[in-house]
Amino acid sequence: MSIRVCTRVGCGAEYAWDPKPGRPPRYCEACRAEIARPKRQVAPTTPRPVTVLPEQRPTTTSATLEAVQAKLTAAGRTDTVPGAVALRLAALLDAGGHSASGYAALARQLTASVEEACRGASLAGDPLAAIRDRRSRGA
Ligand SMILES: [Zn+2]
């Protein structure tokens with residue numbers, strides 16, 4: 001029987017050790033029990049996946065303007081007053097930053113302007129419109 005001192009940091013308790021083959025334990029009974037007992041698992045702190053939200057920016061697209069431009073060009077009405085108005089409205093729509101009702105009003109006026117600009121024009125890019133146009137002229 002020999003007296004050993006627990007080498008665990010902060011303990012230093014003396015404990016009896018019965019010399020026997022093998023290495024003497026480094027810690028006292030209490031420390032050995034504590035070390036052997038698996039610590040209660042703290043909930044793993046796996047970071048939750050971060051959801052990256054799309055950047056909230058006013059959409060700067062030119063889709064409307066391009067579509068209107070294409071339609072007016074096909075009808076050959078880009079340089080008419082309603083055509084110019086339609087282009088301006090399309091640019092405004094594309095610029096964004098409108099309220100829903102403002103957007104709706106712009107879209108309504110744009111549609112009307114495009115229709116007015118293209119009225120009677122033979123739309124090369126729109127065969128259906130060309131047919132409608134021919135019919136309306138009684139051809
Ligand atoms: Zn100890």
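In what follows, the structure referred to is the one given above.
Summarised in this report is the structure supplied together with it. No experiment lies behind these values; they were computed from the predicted model shown. (Residues numbered from 1 in each chain as written. Predicted model: local features only at pLDDT ≥ 70, side-chain atom pairs only at ≥ 80, totals over all residues.)

1. Structural notes on the overall build of the protein
Along its length, the protein carries 5 helices and 2 strands. Mapped in sequence order, the helices and strands of the protein form the string β-β-α-α-α-α-α. Looking at the 139 residues of the protein, the share that counts as buried comes to 13%. (Helix = DSSP H or I, 4+ residues; strand = E, 2+ residues; numbered from the N terminus. Buried ≥ 20, exposed ≤ 12 C-beta atoms within 10 Å, placed from the backbone.)

2. Re the nonpolar core
Core analysis: the largest hydrophobic core is formed by 12 residues, namely Val68, Leu72, Ala75, Ala86, Leu87, Leu89, Ala90, Leu93, Leu110, Val114, Ala117 and Cys118. Counting residues per element, the ones that place at least two in this core are α2 (63–75), α3 (81–95) and α4 (100–118). Top element by residues in this core is α3. It accounts for 5 residues. Residues within four places of Leu72 in sequence aside, it is in contact with Arg77, Thr78, Gly83, Ala86, Leu87 and Ala117. (Core = buried A, V, L, I, M, F, W, Y, C linked by C-beta atoms within 7 Å. Contact = placed C-beta atoms within 7 Å.)

3. Re the packing of α3 against α4
Packing of α3 against α4 leaves a shortest axis separation of 8 Å and a crossing angle of 150°. With respect to α4, the element α3 is oriented roughly antiparallel. Considering the relative orientation of α3 and α4, their crossing is left-handed. Within the contact between the two elements, α3 uses Pro82, Gly83, Val85, Ala86, Leu89, Ala90, Leu92 and Leu93 and α4 uses Leu106, Ala107, Gln109, Leu110, Ser113, Val114, Glu116 and Ala117. Residue composition of the contact of α3 with α4, grouped by class: 12 nonpolar, 3 polar and 1 charged. (Axes fitted to C-alpha atoms, helices over the stretch in contact; angles between N-to-C directions. Parallel < 35°, antiparallel > 145°, perpendicular 65-115°, else oblique. Left-handed = near helix turned anticlockwise from the far one by under 90°. Nonpolar A, V, L, I, M, F, W, Y, C, P; charged D, E, K, R; others polar.)

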